[in-house]
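Here's the letter readout for the chains.
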Amino acid sequence: MSHGVVSMVAVDEVDPHTPALLKPLAHGLNLLNRAMLGLGMLALLAASLVLTYSVFSRYFLKASTDWQDEAAVFCLVGATFLCSAYVQSIRGHVGIEALSSMLPGVLNRLRLVAVDLMGTLFCGFFAWKSWALFHEAWVEGQTTSSSWAPPLWIPYGLMFAGMSLLTLQLAVQLAASLNRVAKGGQR
């Protein structure tokens, strides 16, 4: 974790440096992130049950398992992308802390602003490209190449929704980081 262990209670709190205009959005994101976390847990459970059934049915029943792998992958895509904003809200993404311990406080705060800015820009681009993939799959009726052939708009839609939430979470954190630097506050 990039900023140490964070308790579950801290997730419900909004960074005190968040601009007042964005605090309602930050509170809403916290609630939405918790809901996505619940959905992600259910998706992981569903993927594990589907894969367990797949192994059982192939080994013991000698049955075809053409749909199980794709169903599990769709669940894992949903869990990964929809929970990414929650992970960011607790600053749980992988980070390198070697610099933070060596930099003076003001430079470390500037480093965090730069990281938040680059993350927001990258994830915003990723969300835009995900929207393009989702739209193309929806309009053209694209499906996977398997015999089950589920529509591709499902994973692309999950990717777009998750990346959009992550971009919004990063933008709120960027605003808080900028406010912190402007006011000279500590992390």
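Residues numbered from 1 in each chain as written. Predicted model: local features only at pLDDT ≥ 70, side-chain atom pairs only at ≥ 80, totals over all residues. Heavy atoms only, no water.

(A) Expanded view of the packing of aromatic side chains. Applying the stated criterion to the full structure yields 11 aromatic pairs. With centroids separated by 6.4 Å and ring planes inclined at 65°, the aromatic side chains of Trp67 and Trp148 adopt a geometry described as edge-to-face. A residue pair is termed long-range when its members are at least 10 positions apart, and Trp67 in the loop between helix H2 (23–59) and helix H3 (68–82) and Trp148 in the loop between helix H6 (105–140) and helix H7 (153–183) qualify at 81 residues. Between Trp138 and Trp153, the aromatic rings sit 5.1 Å apart at their centres with planes inclined by 70°, giving edge-to-face as the arrangement. Here Trp138 is found in helix H6, whereas its partner Trp153 is found in helix H7, with 15 residues between them in sequence. Classification of Trp153 by relative accessible area gives partly exposed; the value is 34%. Members of the aromatic cluster, joined through ring pairs, are Trp131, Phe134, Trp138, Trp153 and Phe160. The positively charged end of Lys62 is found above the aromatic ring belonging to Tyr59, 5.5 Å away from the centroid. (Phe/Tyr/Trp six-rings, centres within 6.5 Å; stacked < 30°, edge-to-face > 60°. Helix = DSSP H or I, 4+ residues; strand = E, 2+ residues; numbered from the N terminus. Buried < 20%, exposed > 50% of the residue type's maximum accessible area, 1.4 Å probe, protein only. Lys NZ or Arg CZ within 6 Å of the ring centre and 35° of its normal.)

(B) How the structure looks around unusual backbone geometry. Phi angles above zero are rare outside glycine, and Lys62 is one such case at about 55°. Inspection of the secondary structure assignment puts Lys62 in the loop between H2 and H3. Exposure remark for Lys62: the relative accessible area of 66% places this residue in the exposed category. Phi is positive for Arg91, which is not a glycine, with a value near 50°. Tracing the backbone through its elements, the reader meets Arg91 in the loop between helix H4 (84–89) and helix H5 (98–102).

(C) Looking closely at H3. Here H3 contains 15 residues, and its C-alpha end-to-end distance of 21 Å stays within 8% of the 21 Å for a straight helix at 1.5 Å per residue. Every buried residue belonging to H3 is among Gln68, Glu70, Ala71, Ala72, Phe74, Val77, Gly78, Ala79, Phe81 and Leu82, and all of these are buried. (Expected span 1.5 Å × (residues − 1).)

(D) Seen up close, the nonpolar core. Within the largest apolar cluster, 12 residues are counted, these being Val77, Phe81, Cys123, Ala127, Phe134, Ala137, Leu152, Tyr156, Met159, Met163, Leu166 and Leu170. Of all the elements in the fold, those that place two or more residues in this core are H3, H6 and H7. Examining the composition of this core, we find that five residues originate from one element, H7, more than from any other. Not counting residues up to four positions away in its chain, the partners in contact with Val77 are Pro155 and Leu158. By size, the runner-up hydrophobic cluster in this structure holds eight residues, among which are Ala26, Leu82, Ala85 and Leu165. (Core = buried A, V, L, I, M, F, W, Y, C linked by side-chain atoms within 4.5 Å. Contact = heavy atoms within 4.5 Å.)

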